[in-house]
Amino acid sequence: MAQTMSIKDAIKLWEAKTELKASEAEEVKMYGMIPSITKMDASLSTLKKCKFLSLSSNQIEKISSLGGMDSLQILSLGRNYIKKIENLDNVADTLEQLWISYNFIEKLMGIDKLKNVKVLYMSNNLVSKWSEFDRLKEMTSLEELVFVGNPIWDAHNDVKNDCVDWRPQV
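**With respect to the overall build of the chain**
Right, on to step 1. Helix and strand counts for the chain stand at four helices and six strands.
Right, on to step 2. Secondary structure of the chain in N-to-C order comes out as α-β-β-β-β-β-α-β-α-α.
Right, on to step 3. Taken over C-alpha atoms, the radius of gyration comes to 16 Å for the chain, in line with the 15 Å a tight globule of 170 residues would show.
Right, on to step 4. Along the longest, intermediate and shortest principal axes, the C-alpha atoms of the chain span 50 × 35 × 20 Å.
Right, on to step 5. Within the chain, buried positions represent 42% of all 170 residues.
Right, on to step 6. A sequence separation of at least 24 residues applies to 43% of the contacts in the chain between residues at least 6 apart.
Right, on to step 7. Just so you have it, the chain exposes about 9100 Å², and 48% of that area is on carbon and sulfur atoms.

**Overview of unusual backbone geometry**
Right, on to step 1. For the bond running from Ile34 to Pro35, omega is -5°, close enough to zero to count as cis.
Right, on to step 2. Relative to the helices and strands, Pro35 resides in the loop between β1 (27-29) and β2 (52-54).
Right, on to step 3. Here Tyr102, not a glycine, exhibits a phi torsion of approximately 55°, which is positive.
Right, on to step 4. Along the chain, the position of Tyr102 falls in the loop between β4 (97-99) and β5 (119-121).
Right, on to step 5. One non-glycine residue, Asn124, lies in positive phi territory at about 55°.

**Focus on the sheet that holds β1**
Right, on to step 1. The strand order across the open sheet built from six strands is β1-β2-β3-β4-β5-β6, with neighbouring strands paired in parallel fashion. Two strands in the sheet have a free side with no partner beyond their single neighbour: β1 and β6 (144-146). Across the sheet, the mean angle separating the axes of adjacent strands is 5° when strand polarity is ignored.
Right, on to step 2. Looking at chain direction, β5 and β6 are connected through three bridges and run parallel. Along β6, the bridge assignment pairs Leu120 with Leu145.

**Structural notes on the side chain of Gln97**
Right, on to step 1. Structurally, Gln97 is set in strand β4.
Right, on to step 2. Here Trp99 takes part through its side chain, which lies 2.9 Å from a polar atom of the side chain of Gln97.
Right, on to step 3. If near-sequence neighbours (up to four positions away) are discounted, Gln97 is found in contact with Gln73, Ile74, Leu75 and Val119.

Quick notes on the rules
Residues numbered from 1 in each chain as written. Predicted model: local features only at pLDDT ≥ 70, side-chain atom pairs only at ≥ 80, totals over all residues. Heavy atoms only, no water. Helix = DSSP H or I, 4+ residues; strand = E, 2+ residues; numbered from the N terminus. Rg over C-alpha atoms; globule rule 2.2 N^0.38 Å. Buried < 20%, exposed > 50% of the residue type's maximum accessible area, 1.4 Å probe, protein only. Contact = heavy atoms within 4.5 Å. Areas by Shrake-Rupley, 256 points an atom, 1.4 Å probe, with all protein chains shown as cover. Pairing = 2+ DSSP bridges. Axes fitted to C-alpha atoms, helices over the stretch in contact; angles between N-to-C directions. Polar contact = N/O pair within 3.5 Å; in protein donor to acceptor, adjacent residues only side chain to side chain.

Pasting the structure below:
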């Protein structure tokens, strides 16, 4: 069995490296950990003041355990193994940017709860149906969207023009 790192151990390592207390930090970057983080767990709730959390380039399969992260504005989860956008309810009111490129996301169910998200980086996932893209209409604050590299983008040369027609501010 491959060795993995828990969030608790990753936080300890981050604190040792930065000489900062994670519970007081506004920015916590635990990307590309060796060994990789595979699970988001309750230890994240200790990051009460964190505004920017980076867990990119790990092996996380599921978004979870964001309860208690009352200040979170930017969540970076690119280059993981995430298949669903889920369990973001606890940060839906504060989250302004979601960076989730290079995962395995096919459906955008649940994205409509993120009413305050202004930036969504979602390139190189597996979204292939317009009906999924239509779910973004509920994201009324959305200003910046990166969707290139999804099958829906690759299948339509005119997709960029369609996006502009669909939502002029995106």
